[in-house]
Amino acid sequence: MTPSRRDLVGAAAVLSLACGAGARHASGQAASPIKVVIAFPPGGTSTASMQPIMPFLARALGSDIALEYMAGSGGDLAAFAVAKASPDGRTLLFGHAGPLAINPHLLQQSFFDPAKDLVPVAQVIAFPIVLCAHDKLNVKDLDGLIAAGKSRALVTGSSGNGSMQHLAGEVLRRAVGIQTLHIPFAGGGPLQEALVKGALDIVCETGSNVVRHIQEGRLVPIAVMADKRLAKLPGVPTFAELGRADLVIDAWFGLVAPAATPPDILGRIERATLQALREPSIATAYDAIGGIPAPLGQAAFAAKIAAETVRWRDTIASARISPLGTQTGLPDRR
């Protein structure tokens, strides 16, 4: 049987990945590295999450790994760039819930469809959300927080409308029946400043962003939105322990590729990633930033994104969270 053009393209891409690091084209120029696009500015949690596994990926895939930063549009800018990239395994997205599971139900306009234009490869890391109360609220546990939230609206905040902190707060509010007033800040920096100054009563935030405030006595940890306790907060119970499995929420990141990437290439990247996450040094590095290795292969990662898409669609609709953006002639997701 004569091979199709797609078969030939796929074979060429696999051969490209198989070449050793520092491989050269016939022209004598070094092969370009595999590019991982990050939807945030340099130096943040995403950078700290990718860097520990890069040497292992480079060795397994036989190619240098380079990070490219493309912040904007709640992650859609980076996701769109990867969706339109050549499906040869050399451009990947370090994706998160924003562009993959939240924005399709929040933004009115869209350049792409994440379910059709992107394919999950492997989940990498998860950051369980921690419910904290400011010390001024004078509550020590979930019962105390619920009592306070039934007597008046508790001021909470997030890094932006429709962010994971915002959505986790909405799930909490409805699950335990408290009143809240949500304030969206223009990013994580202003949110942290508000926390330090005591402008908020409660916050649902990743452990990496609250551990220091807890250690310094400004925040009181109430519970972790996870199945297992955080190593950095061993004395803080999980919502699962408190009988509230409906309040298990994490901020996750994983590798995603253009939808037309050949299965052989996806498989090689998947195996390399899962193998890297088994390295003891990775767990140590992730613990230092408040995360945990969260290895999921293609099928399991795809199933998680699908479930999260439904969860956040329903949360956004029931909470009547206003869509962001304005009509500018771009296709309307609705």
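Just so it is clear, the model here is predicted, and its values are computed rather than measured.

Definitions and cut-offs
Residues numbered from 1 in each chain as written. Predicted model: local features only at pLDDT ≥ 70, side-chain atom pairs only at ≥ 80, totals over all residues. Heavy atoms only, no water. Helix = DSSP H or I, 4+ residues; strand = E, 2+ residues; numbered from the N terminus. Contact = heavy atoms within 4.5 Å. Polar contact = N/O pair within 3.5 Å; in protein donor to acceptor, adjacent residues only side chain to side chain. pLDDT = per-residue confidence, 0-100. 1 Å grid on protein atoms, 1.4 Å probe; cavity = no way out; pocket = protein on both sides within 12 Å on 5 of 7 lines; lining within 4 Å. Points joined across faces, edges and corners; volume = space filled by probe spheres on them. Nonpolar A, V, L, I, M, F, W, Y, C, P; charged D, E, K, R; others polar.

Asks: Explain the environment of R174 here, please?
Replies: Note that R174 resides in helix α8 (residues 164-176). Put simply, R174 and A319 are 145 residues apart on the chain and 9.0 Å apart in space, counted from C-alpha to C-alpha. In this structure R174 touches S318 and A319, once residues within four positions along its chain are discounted. One polar contact links the side chain of R174 to the main-chain carbonyl oxygen of S318, over a distance of 2.5 Å.

Asks: Looking at this model, I keep getting lost on the confidence of the model for the protein. Mind explaining?
Replies: It should be kept in mind that the predicted coordinates are not to be read in detail where pLDDT is low. Scored by pLDDT, the protein comes out at a mean of 87, with 87% of its residues at no less than 70. Predicted confidence for residues 1-29 stays below pLDDT 50, and this span has 32 contacts to residues more than four positions away or in other chains. This model gives residues 325-334 a pLDDT under 50, and the stretch forms 25 contacts once residues within four places in sequence are excluded.

Asks: I tried to follow the layout of surface pockets on my own but got confused; where do I start?
Replies: Where empty space is left can be seen by rolling a probe of water-molecule size over the atoms. Taken as a whole, the largest pocket encloses approximately 1,000 Å³ of empty space. Around the largest pocket, the lining is made up of 42 residues, and of these F40, H96, S159, S163 and Q165 lie nearest the centre. Counting residues per element, the ones that place at least two in the lining of the largest pocket are α2 (45-50), α5 (97-106), β4 (118-134), α8, α9 (188-197), β7 (202-206), α10 (207-215) and β9 (250-258). No other element matches the five residues that α5 contributes to the lining of the largest pocket. Classifying every residue of the lining of the largest pocket gives 18 nonpolar, 23 polar and one charged. Taken as a whole, the second largest pocket encloses approximately 360 Å³ of empty space. Residue lining of the second largest pocket: 16 residues in total, with A226, D227, V248, D250 and I292 positioned closest to the centre. Listed by contribution, the elements that provide at least two residues to the lining of the second largest pocket are β4, β10 (292-296) and α13 (298-318). Per-element accounting of the lining of the second largest pocket gives the leading share, three residues, to α13. Tallied by class, residues from the lining of the second largest pocket come to nine nonpolar, no polar and seven charged.

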